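Chain residues, written in single-letter form:
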Amino acid sequence: MTTLVKDADIQVLSELTNNNQHTEARRLLSLLVKRMDLYDCYDSVSMLHDYFGHLPTGLSLVRNALDKALFDSVGEKCGDKADKIKKAF
């Protein structure tokens, strides 16, 4: 199986998360695992976050639901790197 997510990508994901760019990290990961449907959803979350100036509770719940689908895809598509990717978050 070809690894979709490289070690350098995991480092970028970790850096984004460390810099409180959590939604951007998820958007990048969805792109890397070729889940464009989730990419579009995270893009909408990002726009709403920017609009409100913070991540409202309801929007956080939506993002958490998207996360389940994203990390399920990571588990399916990234094999042995899945745990390392999840730790970046």
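Residues numbered from 1 in each chain as written. Predicted model: local features only at pLDDT ≥ 70, side-chain atom pairs only at ≥ 80, totals over all residues. Heavy atoms only, no water.

Q: How would you sum up the state of the cysteines? Please name residues and give values.
A: A full pass over the atoms with the stated rule returns zero disulfides. Between Cys41, a cysteine without a disulfide, and Cys78, which holds the nearest cysteine sulfur, the sulfur-to-sulfur distance is 19 Å. (Disulfide = S-S within 2.5 Å.)

Q: Could you give an account of the pattern of salt bridges, naming the residues involved and the relevant values?
A: Think of it this way: side chains of opposite charge can pair up when their charged atoms draw near. This model, assessed by the stated rule, comprises seven salt bridges. A salt bridge links Lys81 to Asp7; the shortest N-O distance between them is 3.0 Å. Residue Lys81 is found in the loop between helix H4 (57-77) and helix H5 (82-87), and its partner Asp7 is found in helix H1 (residues 7-18); the two are separated by 74 residues along the sequence. Accessibility expressed as a relative area gives 18% for Lys81, which makes it buried. Across the pair Arg27 and Glu24 runs a salt bridge, and its minimum N-O distance is 2.2 Å. Note that Arg27 and Glu24 are positioned in helix H2 (residues 22-32) at a spacing of three residues, about one turn of the helix. (Salt bridge = Lys/Arg side-chain N within 4 Å of Asp/Glu carboxyl O. Helix = DSSP H or I, 4+ residues; strand = E, 2+ residues; numbered from the N terminus. Buried < 20%, exposed > 50% of the residue type's maximum accessible area, 1.4 Å probe, protein only.)

Q: Can you lay out the confidence of the model for the chain for me, pointing to particular residues and giving the numbers?
A: Put simply, the chain has an average pLDDT of 94, and 97% of its residues get 70 or more. When pLDDT is averaged over each element of the chain, helix H3 (residues 36-52) comes out on top at 97 and H5 at the bottom at 93. (pLDDT = per-residue confidence, 0-100.)

Q: So what's going on with the nonpolar core? Which residues, and what values?
A: Residues Val5, Leu29, Val33, Val74 and Ile85 are the most contacted members of the largest nonpolar core, which totals 20 residues. Of all the secondary-structure elements, those providing two or more residues to this core are H1, H2, H3, H4 and H5. Counting residues per element, this core draws most heavily on H4, at five residues. The residues contacting Val5, other than those within four sequence positions of it, are Ile10, Leu29, Leu32, Val33, Cys78, Lys81 and Ile85. (Core = buried A, V, L, I, M, F, W, Y, C linked by side-chain atoms within 4.5 Å. Contact = heavy atoms within 4.5 Å.)

Q: Just give me the short version of a nonpolar patch on the surface, but keep the residues and values in it.
A: Taken together, Leu48, Tyr51 and Phe52 make up a surface patch of nonpolar side chains, about 370 Å² in accessible area. Tracing the backbone through its elements, the reader meets Leu48 in helix H3. (Patch = residues over 30% accessible without salt bridge, like charges linked within 9 Å, V, L, I, M, F, W, Y side chains within 5 Å. Areas by Shrake-Rupley, 256 points an atom, 1.4 Å probe, with all protein chains shown as cover.)

Q: How would you summarise the packing of aromatic side chains if you had to cite specific residues and measurements?
A: Applying the stated criterion across every chain, the model contains two aromatic pairs. Seen in terms of ring centroids, Phe71 and Phe89 are 5.2 Å apart; in terms of plane orientation they differ by 80°. Their pairing is edge-to-face. Within this pair, whereas Phe71 is found in helix H4, its partner Phe89 is found in the segment after H5, the two being separated by 18 residues in sequence. On the basis of relative accessibility, which here comes to 16%, the residue Phe71 falls in the buried class. (Phe/Tyr/Trp six-rings, centres within 6.5 Å; stacked < 30°, edge-to-face > 60°.)

Q: Which residues make up the layout of surface pockets, and what values go with them?
A: What the largest pocket holds in volume is close to 160 Å³. Forming the boundary of the largest pocket are Asn20, Gln21, His22, Thr23, Glu24, Ser46, His49, Asp50, Leu55 and Arg63. Elements represented by at least two residues in the lining of the largest pocket include exactly H2 and H3. Looking at the lining of the largest pocket residue by residue, the classes come out as one nonpolar, six polar and three charged. (1 Å grid on protein atoms, 1.4 Å probe; cavity = no way out; pocket = protein on both sides within 12 Å on 5 of 7 lines; lining within 4 Å. Points joined across faces, edges and corners; volume = space filled by probe spheres on them. Nonpolar A, V, L, I, M, F, W, Y, C, P; charged D, E, K, R; others polar.)

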